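Overview (structure and organization)
Next come the chains, spelled out residue by residue.
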Amino acid sequence: MPDGINARPLGAAIAAFVLITVCGCTAASPMPTPVDVSLPGDRTLRSIIEAEPEHPVFEVVQETTDFDGDHADVVSYESGGLLLRAVIRRPPSGAVESPAIVFVHGSVDPDEYSGLTEYDELADALVDSGYTVVVPDLRNHGESEDDPAWETDMDVGATLDVVNAARATASDPQVDPERVAIVGHSLGGAMAVKAAVVAPDVARAFVALAPSHVSPWEDVKRFASGTPFYDTITAAHGDPEESPDYWRDVSALTFVDRMASPLLVVHGTHDDVVPIGWSRFLNAQWTGAGKDVELIEVEGADHFLNGTAPVTQRITEFLAERMP
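Anyway, here's the lowdown on the structure attached to this text. (Residues numbered from 1 in each chain as written. Predicted model: local features only at pLDDT ≥ 70, side-chain atom pairs only at ≥ 80, totals over all residues. Heavy atoms only, no water.)

1. Notes on helix α4 (residues 156–170)
The first and last C-alpha atoms of α4 sit 22 Å apart over 15 residues, in line with the 21 Å expected at 1.5 Å per residue. With 13 of its 15 residues buried, α4 lies for the most part within the structure. (Helix = DSSP H or I, 4+ residues; strand = E, 2+ residues; numbered from the N terminus. Expected span 1.5 Å × (residues − 1). Buried < 20%, exposed > 50% of the residue type's maximum accessible area, 1.4 Å probe, protein only.)

Here is the structure:
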């Protein structure tokens, strides 16, 4: 199960951290020079909450069956004025109104990423369990259109892409709109949590696998400190002391009271990329707010949670109980 380490400057910092942690080596290429991104205004989770909901639908771009005979479509959908791509894999039964999972990738090289290949084993396993699986290429990845503000927006735009992927999935005629879940790994796990508080009605259940922190400043401190990208971020947004409103409004924790669906968090005790303490913090905060959250700590597992089979089992057991 690939991690999803992103080639944006922050993601490059994460990628270098993974290389050093996992194999004891350093990255072959230097960190990219940060670009100067001028934002028309600070987009935040609050701005998504306050905006009118979008109502995207999938348009088929390409049909293919190159998944051991399973059917898949490459589709497009609109999100925040951008045209994005996604891959839809259908369960072998071809049943109408199947439950569905929107699977959110983590940080991956945006030029190399494809929903046809990333997380392939996990997607296949979930399809074989009877789910329609939608894997969106978030903005600036794969064949999706680029957003010039993407590098410094703390994944607010990508969170909107996840929300709109779930809305488009619910409108798909072969999906049961009452049984849509959002599942994400690593950075994608944090985006699943953000989607849950931004648009609590878009899914019946949420799963975060080894998620990064629900407050992006913690990611910045861990992965970007001492890099040029840290200076780029603070130049754009300041730090939490200088711009408390901004950093508060890009944190899912600020909006935890909006959470309305159950959340499963799965994290390995030997994760050297994303500290398990971050998931323990999430669990404590959500529990303290009276939310339906469950944390499973996988003893001895790393950031990849020891492979596809145990992850699939935990996801399917949770979803079978929470959205039968």
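From this point, the discussion proceeds with the structure in view.
2. Some details on unusual backbone geometry
We note that Met154 has phi near 55 degrees; this positive angle belongs to a residue other than glycine. For Met154, a relative accessible area of 5% puts it in the buried group. Phi is positive for Ala210, which is not a glycine, with a value near 45 degrees. Its relative accessible area of 0% is what places Ala210 among the buried residues.

3. Describing the nonpolar core
Core analysis: the largest hydrophobic core is formed by 58 residues, its most contacted members being Ile182, Val193, Trp247, Leu263, Leu282 and Trp286. Sequence-distant contacts of Ile182, that is, excluding residues within four places in its chain, are made with Val102, Val104, Val162, Ala166, Ala192, Ala195, Val202, Ala203, Ala205, Phe206 and Val207. One finds Ala123, Tyr131, Val133 and Leu319 within the second-largest nonpolar core, a separate group that totals 25 residues. (Core = buried A, V, L, I, M, F, W, Y, C linked by side-chain atoms within 4.5 Å. Contact = heavy atoms within 4.5 Å.)

4. Examining the pattern of salt bridges
Tallying each qualifying case throughout the model produces 14 salt bridges. Between Lys221 and Glu218 there is a salt bridge, with the nearest N and O atoms lying 3.4 Å from each other. Remark: Glu218 and Lys221 occur in helix α6 (residues 216–224); sequence separation between them is three residues, near one turn of the helix. Classification of Lys221 by relative accessible area gives partly exposed; the value is 38%. Where salt bridges share partners, they join Arg43, Arg139, Asp147, Asp153 and Asp161 into one cluster. (Salt bridge = Lys/Arg side-chain N within 4 Å of Asp/Glu carboxyl O.)

5. Topic: the environment of Thr254
Here Thr254 shows up in the loop between α8 (244–249) and β8 (263–268). Judged by its relative accessible area of 32%, Thr254 falls in the partly exposed class. C-alpha of Thr254 to C-alpha of Arg46: the two residues are 208 residues apart in sequence and 9.3 Å apart in space.

6. Some details on the side chain of Ser215
In this structure, Ser215 sits in the loop between β7 (205–209) and α6. When its relative accessible area of 16% is taken as the criterion, Ser215 is described as buried. Beyond its immediate chain neighbours, meaning those up to four positions away, Ser215 contacts Ser251 and Leu253.

7. Quick look at the environment of Ser251
Along the polypeptide, Ser251 turns up in the loop between α8 and β8. For Ser251 and His213, which are 38 residues apart along the polypeptide, the C-alpha to C-alpha distance reads 8.9 Å. Not counting the four nearest positions on each side in its chain, Ser251 is found in contact with Leu45, Val214, Ser215 and Pro216. Polar side-chain contacts of Ser251 include one of 3.2 Å to the backbone nitrogen of Leu253. (Polar contact = N/O pair within 3.5 Å; in protein donor to acceptor, adjacent residues only side chain to side chain.)

8. Observations concerning the pairing of β7
Regular strands have side chains that alternate between both faces of the sheet. Extensive coverage of β7 is indicated by the burial of five of its five residues. Residues Ala205, Val207 and Leu209 of β7 are buried on one face, and the alternating residues Phe206 and Ala208, pointing to the opposite face, are buried as well. In terms of strand pairing, strand β6 (residues 175–185) meets β7 through five bridges, oriented parallel. Bridge pairing links Ala181 to Ala205 in β7. Between β6 and its parallel partner β7, the chain crosses via helix α5 (residues 187–198), and the hand of that crossover is right-handed. Bridge count between β7 and β8: four bridges; the pairing is parallel. Note on β8: the bridge partner recorded for Leu209 is Val266. (Pairing = 2+ DSSP bridges. Right-handed = clockwise from strand over helix to strand, strands pointing away.)

9. Structural notes on a negative patch on the surface
A contiguous patch of negative charge on the surface is contributed by Glu59, Glu78, Asp109, Asp111, Glu112, Glu145 and Asp146. Its place among the elements puts Glu145 in the loop between β5 (132–137) and α4. (Patch = residues over 30% accessible without salt bridge, like charges linked within 9 Å, V, L, I, M, F, W, Y side chains within 5 Å. Areas by Shrake-Rupley, 256 points an atom, 1.4 Å probe, with all protein chains shown as cover. Lys, Arg positive; Asp, Glu negative; His and termini not counted. Charge placed at Lys NZ, Arg CZ, Asp CG, Glu CD.)

10. A closer look at the packing of aromatic side chains
Across all of its chains, the model carries five aromatic pairs by this definition. When the centroid spacing of 5.0 Å and the interplanar angle of 65 degrees are considered together, the rings of Trp217 and Trp247 count as edge-to-face. With Trp217 in helix α6 and Trp247 in helix α8, this pair connects stretches of sequence that are 30 residues apart. Its relative accessible area of 12% is what places Trp217 among the buried residues. Here the aromatic rings of Tyr246 and Trp247 are separated by 5.1 Å at their centres, their planes lie at 85 degrees, and the arrangement is edge-to-face. Judged by relative accessible area, which is 6%, Tyr246 ranks as buried. (Phe/Tyr/Trp six-rings, centres within 6.5 Å; stacked < 30°, edge-to-face > 60°.)

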